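Working through the structure, step by step
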Amino acid sequence: MNETEGVELQKATQILKLLGDKTRLTMMKLLQTHDCCVCEFVEIFKMSQPAISQHLRKLRDVGLVKEERRGQWIFYSINNEHDDYFFVESILNHLPEQDGLVMELEMQGLRISCIEGGK
């Protein structure tokens, strides 16, 4: 599918439903510019690891995010090869940047905690 064909209503509904959750929408906005692991999301959202993993699973199951193993850690990134990525991107581009959340993690020394085996 290309940009001119648009998104099927059923797919659009599914994507909008997933992105209708503030946590998942924020995750997607963060992933637009940063790869993140579960432990970073735990710190950013102040949620439990299982809750974060549930959100990521829902996004991964429809292919909006992909995961990459780096050592013992799994990092998540936005899947810009998804058939409907242009639709998701058009939504995300209307949202304010969330880089401050990642910068705050870095200032707290938590941005690289997984890589160094921190928390």
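Structure's up top.
What comes next is a walk through the structure. (Residues numbered from 1 in each chain as written. Predicted model: local features only at pLDDT ≥ 70, side-chain atom pairs only at ≥ 80, totals over all residues. Heavy atoms only, no water.)

A separate point is the packing of aromatic side chains. Inspection of every chain in the model, using the stated rule, returns one aromatic pair. Judged by centre distance (5.9 Å) and plane angle (35°), the ring pair of F41 and F45 falls under tilted. Here F41 and its partner F45 are both found in helix 3 (residues 38–45), four residues apart, which amounts to about one turn of the helix. Judged by its relative accessible area of 0%, F41 falls in the buried class. By relative accessible area, which is 18% here, F45 ends up buried. Taking the ring centre of F75 as reference, the NZ or CZ of R70 above it sits at 4.4 Å. (Phe/Tyr/Trp six-rings, centres within 6.5 Å; stacked < 30°, edge-to-face > 60°. Helix = DSSP H or I, 4+ residues; strand = E, 2+ residues; numbered from the N terminus. Buried < 20%, exposed > 50% of the residue type's maximum accessible area, 1.4 Å probe, protein only. Lys NZ or Arg CZ within 6 Å of the ring centre and 35° of its normal.)

The antiparallel open sheet is built from three strands, whose spatial order is 1-3-2. Both outer strands of the open sheet, strand 1 (36–37) and strand 2 (65–70), are each paired with one neighbouring strand and no more. On the sheet, helix 4 (residues 49–61) packs against strand 2 and strand 3 (73–78) and is oriented at approximately 115° with respect to strand 2. (Pairing = 2+ DSSP bridges. Contact = heavy atoms within 4.5 Å. Axes fitted to C-alpha atoms, helices over the stretch in contact; angles between N-to-C directions.)

Turning our attention to helix 4. Here helix 4 spans 18 Å end to end across 13 residues, near enough to the 18 Å set by a 1.5 Å rise per residue. Taken together, the buried positions of helix 4 are I52, H55, L56 and L59. Buried residues along helix 4 cover an arc of 95° about the axis, so they all sit on one side. Buried residues in helix 4 make contact with helix 1 (9–19), helix 2 (22–31), helix 3, strand 2 and strand 3. Of the residues one or two after helix 4, G63 is the one with positive phi, at around 85°. (Expected span 1.5 Å × (residues − 1). Arc of directions from axis to C-beta.)

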